[in-house]
Amino acid sequence: MGKNSSTTTDKVITEAKGFCSSRRKKMPYKNQKFELKGTRHDLNNMRNLLVEQFGFPTDSILVLAEKEPYQAPTRKNIQDAFQWLMRDIQSGDSLVFYFSGHGLRQRSVHGDEIDGFDETICPVDFETNGMISDNYINKTIVSPQIQGVTLHAVIDSCHSGTVLD
């Protein structure tokens, strides 16, 4: 990771939920029974690790967070971020997907899970727009990988053990 070469790209998506410093928007995690404490610190720590320890350029990091100046980690924004992460990948690229937030399980509708459940991550608008399933994550950022590209995923949520399957 962190190679500085004109032929490789280091890209990162980081997401954190549980706080909101914006007065213009109401974020569903804030002041809710499922509000998370500490995700802002997780986000800052991950960003510092990637930049200071692994040499990722700051302009190669896309942050979705419940604080300005970032876009909120809504379902649409997360899906758009997955597309951004995968755009123009080539051998030698190092990609990072970091998620700190809620994760849940839901009955598998495809019958492809041994335990009968899909694992999910929960965008801030999951109650109105739905969760993002492990099948979608796999189809979007795991299966399309090409040889020589490395995907690092750090998922800090419940039920995250097989969220990339």
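Our structure is the block above this text.
Residues numbered from 1 in each chain as written. Predicted model: local features only at pLDDT ≥ 70, side-chain atom pairs only at ≥ 80, totals over all residues. Heavy atoms only, no water.

> What should I look at first to understand the pairing of strand β3 (residues 94-100) in this one?
In regular strands, side chains alternate between the two faces of the sheet. For β3, the buried fraction is high: 7 of the 7 residues fall into the buried class. Both β3 and strand β7 (residues 150-156) contribute to a ladder of 7 bridges, which runs parallel. Along β7, the bridge assignment pairs Tyr-98 with Val-154. (Buried < 20%, exposed > 50% of the residue type's maximum accessible area, 1.4 Å probe, protein only. Helix = DSSP H or I, 4+ residues; strand = E, 2+ residues; numbered from the N terminus. Pairing = 2+ DSSP bridges.)

> So what exactly am I meant to see when it comes to the packing of helix α2 (residues 75-86) against helix α4 (residues 134-142) here?
Packed helix pairs are specified by the crossing angle of their axes together with the interaxial distance, meaning the distance between the axes. Interhelical geometry of α2 versus α4 gives an angle of 25 degrees and a closest axis separation of 9 Å. Classified by the angle between their axes, α2 and α4 sit roughly parallel to one another. The residues of α4 that touch α2, namely those facing Gln-79, Phe-82, Gln-83, Leu-85 and Met-86, are Tyr-136, Ile-137, Thr-140 and Ile-141. Tallied by class, the residues present in the contact of α2 with α4 amount to 6 nonpolar, 3 polar and no charged. (Axes fitted to C-alpha atoms, helices over the stretch in contact; angles between N-to-C directions. Parallel < 35°, antiparallel > 145°, perpendicular 65-115°, else oblique. Contact = heavy atoms within 4.5 Å. Nonpolar A, V, L, I, M, F, W, Y, C, P; charged D, E, K, R; others polar.)

> Teacher, can you tell me more about the nonpolar core here?
Burial of nonpolar side chains together is a common tendency in soluble globular proteins. If you look at the biggest cluster of nonpolar residues, it comprises 18 residues, and the most contacted ones within it are Phe-82, Phe-97, Ile-121, Ile-132, Ile-137 and Ile-141. A per-element tally of this core places α2 first, with 5 residues. Not counting residues within four places of it along the chain, the set of residues in contact with Ile-132 comprises Arg-75, Ile-78, Gln-79, Phe-82, Glu-119, Thr-120, Ile-121, Pro-123 and Ile-137. (Core = buried A, V, L, I, M, F, W, Y, C linked by side-chain atoms within 4.5 Å.)

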